[in-house]
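Structural overview
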Amino acid sequence: MVNPTRRTFLTTTAATATLLANGSGDAAPPLAPPDKQPPNLQLPEIVKKKVGIAVVGLGQLALEEVIPAFEHCKFARLAALVSGHLDKARHVARAVGLDPEEAVYSYERYEELKGNSNVDAIYIILPNSMHAEFTIRGFRCGKHVLCEKPMAVSSEECKQMIAAAKHAQRKLMIAYRLHYEPFNLEIMRMCREKELGAIRSIIATNSQDVAAPNIRLSKELRGGPLGDIGIYCLNATRYITDEEPTEVIAYEQANKSDPRFSEVPEGYSFTLAFPSGVVAHCGCNFASAVSRYLRIECEKGVIELDQAFSYRGQQLKIHTAEGIKRLTLTPVNHFAAEMDAFATAVLNDQRIKTPGEEGLADMIAIEAIERSAREGKRLRLS
Ligand code: NDP
């Protein structure tokens, strides 16, 4: 065997490196020299400050959707947990890298958030009956509040929450996630710009099968299908028309033969009339296969959104005389988009897109829907 000289060794090594680099004998493309960068290199944004959020109530929505969504947030970070079950909360804290001793609070120690400068804001994910109380107490701690829908259990409570935010000079946002996701935003744009002419009618349904036990089936916790899922249909009719309903007629589906519905109705159907003449037919049901559907019938075409109110999987179709067009948009994580919008408004002291007034408007309509169903009457809304 011949001993390789330094020269033959270098030549052979370089040839092998080229071969390894491109899998053939061709020359590898030269690396970008340090003084030259590829033209469209995307550098990550430097975020100077993120809004620290305390999540209050560690139930299904918080654990399965909201807490995992922080990973996708640019401007919001999870800062603390408030729970009635401290073992669970400490476990979650450890799992997400928070200090279980410093970042976990019971409901009784909620006010101690005031002294935690790591927490800028609070996200209320409690049963509906607790939204107002914990929002108002949150403002007393000097924090901004993001509160789940329905905002509260009455328009009176909504007004108190709005007043508390004003008094504390803090932001109040209601977690209407669909105002921050591209498919519903595209529908809002198309309708505002009358891309298919004037809107004639809207059909919206949001139904699912709710298993007991569940906060949704409790009268005391102010569950029920209208505030839980019917509100999506109602809110959609308002953001599609950009109007407030002037008339309502509603029907309640009671089902006393099913023990799940001994305290709350099984469903509602309601028809809303708007000043421009649009009529919306809406329905929600707690004993149905999943159906989350929105159809907007316009002068020159029909907009159809399946999975309209789901966390993901929206499918948008536009029907016109020319045929059916499917719109593909890049989906986002709804909760990350919503929390980032909230955090951006807090950081830059900007207007909140879905403020307390948005929740109040829905609650006024919900009260009218319930009354119309109870009294069997068509009602006018001022
Ligand atoms: P869960 O029942 O799963 O969770 C509620 C949590 O609230 C409980 O886990 C508990 O947390 C806490 N809690 C405090 N007091 C009580 C009480 N007396 N009874 C029951 N729970 C209590 O409900 P969800 O997470 O599904 O819903 C919470 C809120 O979020 C509701 O207002 C709902 O409308 C809203 N929501 C919004 C959605 C959206 O897409 N925006 C989707 C789903 C829900 P702990 O053990 O930590 O104290």
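Here, every reference points to the structure presented above.
Overview of the structure. Computed from a prediction, not measured in an experiment: that's the story for all the values here.

Per the stated rule, a full pass over the model turns up 1 cavity of 30 Å³ or more. In this structure, the largest cavity spans a volume of roughly 50 Å³. Every residue along the wall of the largest cavity is listed here: A175, Y176, R177, L178, H179, Y232, N235 and Y239. Residues belonging to the lining of the largest cavity are distributed by class as follows: 5 nonpolar, 2 polar and 1 charged.

Okay, the site of the ligand next. Around the ligand sit 27 residues in total, of which S83, H85, K88, Y107 and R177 are the nearest. Here an oxygen atom of the ligand sits 2.7 Å away from a polar atom, N or O, in the side chain of H85. Between the ligand and Y232 there is a distance of 2.9 Å, counted from an oxygen atom to a side-chain nitrogen or oxygen. Coverage of the ligand by the protein chains reaches 82% of its 890 Å² of free accessible surface.

Before going further, it helps to spend a moment on the sheet that holds strand β11 (residues 287–298). As a general point, the strands of a sheet are linked pairwise by backbone hydrogen bonds and lie either parallel or antiparallel. The 9 strands lie next to each other as β14-β13-β12-β11-β7-β10-β9-β8-β15, forming an open sheet whose pairing is mixed. Each edge of the open sheet is held by one strand with a lone partner, namely β14 (323–327) and β15 (379–380). As judged from the 7 bridges shared by strand β7 (residues 199–209) and strand β10 (residues 279–285), these two strands associate in the parallel manner. Opposite I203, over in β10, you have H281 as the bridge partner. Seen against the sheet, helix α9 (residues 356–375) touches β8 (247–253), β9 (267–273) and β15 and runs at an angle of roughly 65 degrees to β8.

Two elements in contact, helix α2 (residues 60–69) and helix α8 (residues 334–348), have axes separated by 8 Å at closest approach and are oriented at 60 degrees. Judged by the angle between their axes, α2 and α8 are oblique. Our pair here, α2 against α8, has a crossing hand that is right-handed. Here L61, E65, V66 and A69 of α2 lie close against α8, whose contacting residues are F335, A336 and M339. Class assignment for the residues of the contact of α2 with α8 results in 6 nonpolar, no polar and 1 charged.

This brings us to the packing of aromatic side chains. Under the definition given, this model contains 4 aromatic pairs. Taking 5.4 Å as the distance between ring centres and 70 degrees as the angle between the ring planes, the aromatic pair formed by Y311 and F335 counts as edge-to-face. Taken together, the residues Y311 in the loop between β12 (301–306) and β13 (315–320) and F335 in helix α8 connect sequence positions 24 residues apart. The exposure class assigned to F335 is buried, which follows from its relative accessible area of 2%. Among the aromatic residues, those joined into a ring-pair cluster are Y107, Y110 and F134.

Basis of the calculations
- Residues numbered from 1 in each chain as written.
- Predicted model: local features only at pLDDT ≥ 70, side-chain atom pairs only at ≥ 80, totals over all residues.
- Heavy atoms only, no water.
- 1 Å grid on protein atoms, 1.4 Å probe; cavity = no way out; pocket = protein on both sides within 12 Å on 5 of 7 lines; lining within 4 Å.
- Points joined across faces, edges and corners; volume = space filled by probe spheres on them.
- Nonpolar A, V, L, I, M, F, W, Y, C, P; charged D, E, K, R; others polar.
- Near = heavy atom within 4 Å.
- Polar contact = N/O pair within 3.5 Å; in protein donor to acceptor, adjacent residues only side chain to side chain.
- Areas by Shrake-Rupley, 256 points an atom, 1.4 Å probe, with all protein chains shown as cover.
- Pairing = 2+ DSSP bridges.
- Helix = DSSP H or I, 4+ residues; strand = E, 2+ residues; numbered from the N terminus.
- Contact = heavy atoms within 4.5 Å.
- Axes fitted to C-alpha atoms, helices over the stretch in contact; angles between N-to-C directions.
- Parallel < 35°, antiparallel > 145°, perpendicular 65-115°, else oblique.
- Left-handed = near helix turned anticlockwise from the far one by under 90°.
- Phe/Tyr/Trp six-rings, centres within 6.5 Å; stacked < 30°, edge-to-face > 60°.
- Buried < 20%, exposed > 50% of the residue type's maximum accessible area, 1.4 Å probe, protein only.

Just distances and angles here, no functional claims.
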